[in-house]
Structures are given as C-alpha cells and as structure tokens.
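# An overview of the molecular structure
Residue strings, one per chain:
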Amino acid sequence: MQLTLERPDYDFFLRGADGASALVNERKLERSFIISPRTLIENWPVTDVTALAPGDLQPLLELEPELILLGGGAAQAFPPPAAMAACLSRGIGLETMTNAAAARTFNVLASEGRRVVAGFVLRA
C-alpha cells in the first residue's frame, strides 16, 4: 500500500488543544487566539468564556463566519446570553465546547470548505 501525505488546502491547521496550549501547524500557542482556515489572530485578550462580552466577539465576526466555535478551555463553559445574542442576531451560529473538541470540529469544518472561525481561551 502506498501512503500519500495530503496537505490541507487552507493555511492553518489545529493539531490539538487543551486548556493551557494549542498546536497550530507547528507552532505552540499559550495565549488565547482566534483562528480561521486563512487567518490566525494571536493574543486574543479573553481569559474567561463566562465573562465574554459582545465586543470580545468583534474580531471573530469581522472574519465573516457562518459558524463560530468557542473553545472554553479544558472544561466546557458557556458565554453570557448577550454574547450569544451578538452572533444569533446576525444569523451566525455559535457553538461552545472544550478546546480539544473545538480543535477537532474546526479541522473537519475547514476541510469541508466551511466559513468557520474559532476562538480558543487558554489559561496558563
């Protein structure tokens, strides 16, 4: 059997994430970040999903997603209703999950060519 390495047709790939770090392509990140298939925004100043304000979502919304994944860390956490409403009022889905689950989901959706953006909250 011949094996062939397939490279994704997008720029950023999540190799894994937990509550403290994430591996994007070959780079280890230890601060919260935003990722889309073509964009990486480092040092997103969010440290707690439960305190997320609607304005904290602005950098994600500017990437014009159809769906936002929100990785809340090692354990699932939910943003306040006002933050959820900021997405839903624009017709943009918002799904919250652990960072590990968000990384897997992001890769699947990106590989399907979906307009997905994810925000990952990391705590040192």
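Right, let's walk through the structure included here. Bear in mind the structure is a predicted one, so any value in this text is a computation, not a measurement.

### Topic: the environment of Pro 65
Inspection of the secondary structure assignment puts Pro 65 in the loop between helix 1 (58-61) and strand 6 (67-71). Sequence-wise, Pro 65 and Cys 87 are 22 residues apart; in three dimensions their C-alpha atoms are separated by 9.9 Å.

### Brief notes about unusual backbone geometry
Even without glycine at this site, Asn 25 takes up a positive phi of about 55°. Inspection of the secondary structure puts Asn 25 in the loop between strand 2 (22-24) and strand 3 (27-29). In this structure, Asn 43 takes a positive phi of about 60° despite not being glycine. Along the polypeptide, Asn 43 turns up in the loop between strand 5 (40-41) and helix 1. For Asn 43, a relative accessible area of 44% corresponds to the partly exposed category.

### Overview of the pattern of salt bridges
Opposite charge on two side chains makes pairing possible when the charged atoms of those side chains draw close. Counted by the stated rule, this structure contains seven salt bridges. Between Asp 11 and Arg 38 there is a salt bridge, and its shortest N-O distance comes to 3.4 Å. Of this pair, Asp 11 sits in the segment before strand 1 (14-17) while Arg 38 sits in the loop between strand 4 (33-35) and strand 5, and the two are 27 residues apart along the sequence. Here Arg 114 ties to Glu 66 by a salt bridge, and the two come within 3.0 Å at their closest N and O atoms. On the criterion of sequence distance, the pair formed by Arg 114 in the loop between helix 3 (99-111) and strand 8 (116-120) and Glu 66 in the loop between helix 1 and strand 6 is long-range, its members being 48 residues apart. You can call Arg 114 partly exposed: its relative accessible area is 35%. Judged by relative accessible area, Glu 66 falls into the partly exposed class, the value being 32%. Three or more residues are tied together by salt bridges with common partners; here these are Glu 66, Glu 112 and Arg 114.

Criteria and thresholds
Residues numbered from 1 in each chain as written. Predicted model: local features only at pLDDT ≥ 70, side-chain atom pairs only at ≥ 80, totals over all residues. Heavy atoms only, no water. Helix = DSSP H or I, 4+ residues; strand = E, 2+ residues; numbered from the N terminus. Buried < 20%, exposed > 50% of the residue type's maximum accessible area, 1.4 Å probe, protein only. Salt bridge = Lys/Arg side-chain N within 4 Å of Asp/Glu carboxyl O.

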